[in-house]
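Below, each chain spelled out in residue letters.
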Amino acid sequence: MTATTRNDTPVAIEGGGVELRMRDVGGGMAVAFVQLPEGADMTPALTGMPGGLCQCPHWGYLLKGRLKMRTASGAEIYEAGEAFYWAPGHAPEALEDCEYVDFSPAKELGEVVDHVKAHMG
């Protein structure tokens, strides 16, 4: 078994107030601790992915804030205190300062993180 805390998890993406910390937790899954400042829109960093959207599924819990998740079929709002599943094909925008923890397939998350790092200004 593997356990980690936010502070013990390495930073994978950082810039403009956005922070994503990521670590493999076993079983082909990774945990991510994510902070998005109000107004952060990840759409530009997802340009070039199919449909311009994140293609990795995520299961998690929104600890703080409100988040709009855009998909090809529309948008949904998530609020602090909600557990979520985000299917492949989404792009987040922080309506307030947000913090969440999610679990995702490690390989797919790594591919998205590499893409985002290459496209963040």
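Above this text sits the structure in question.
Residues numbered from 1 in each chain as written. Predicted model: local features only at pLDDT ≥ 70, side-chain atom pairs only at ≥ 80, totals over all residues. Heavy atoms only, no water.

Engineer: Could you clarify how one ought to interpret the pattern of salt bridges in this entry?
Structural biologist: When the charged atoms of two side chains with opposite charge come close together, those side chains can pair. Under the definition given, this model contains seven salt bridges. A salt bridge links Arg-70 to Asp-41; the nearest nitrogen and oxygen atoms lie 2.7 Å apart. Taken together, the residues span a long stretch of sequence, with Arg-70 in strand E5 (residues 66-71) and Asp-41 in the loop between strand E3 (29-36) and helix H1 (43-46) at a distance of 29 residues. In this structure, Glu-93 and Lys-68 form a salt bridge, with 3.8 Å as the shortest nitrogen-oxygen distance. Residue Glu-93 is found in strand E8 (residues 90-94), and its partner Lys-68 is found in strand E5; the two are separated by 25 residues along the sequence. Here Glu-93 falls in the buried class, since its relative accessible area comes to 18%. For Lys-68, a relative accessible area of 25% translates into the label partly exposed. The network of salt bridges with common partners includes Asp-41, Lys-68, Arg-70 and Glu-93. (Salt bridge = Lys/Arg side-chain N within 4 Å of Asp/Glu carboxyl O. Helix = DSSP H or I, 4+ residues; strand = E, 2+ residues; numbered from the N terminus. Buried < 20%, exposed > 50% of the residue type's maximum accessible area, 1.4 Å probe, protein only.)

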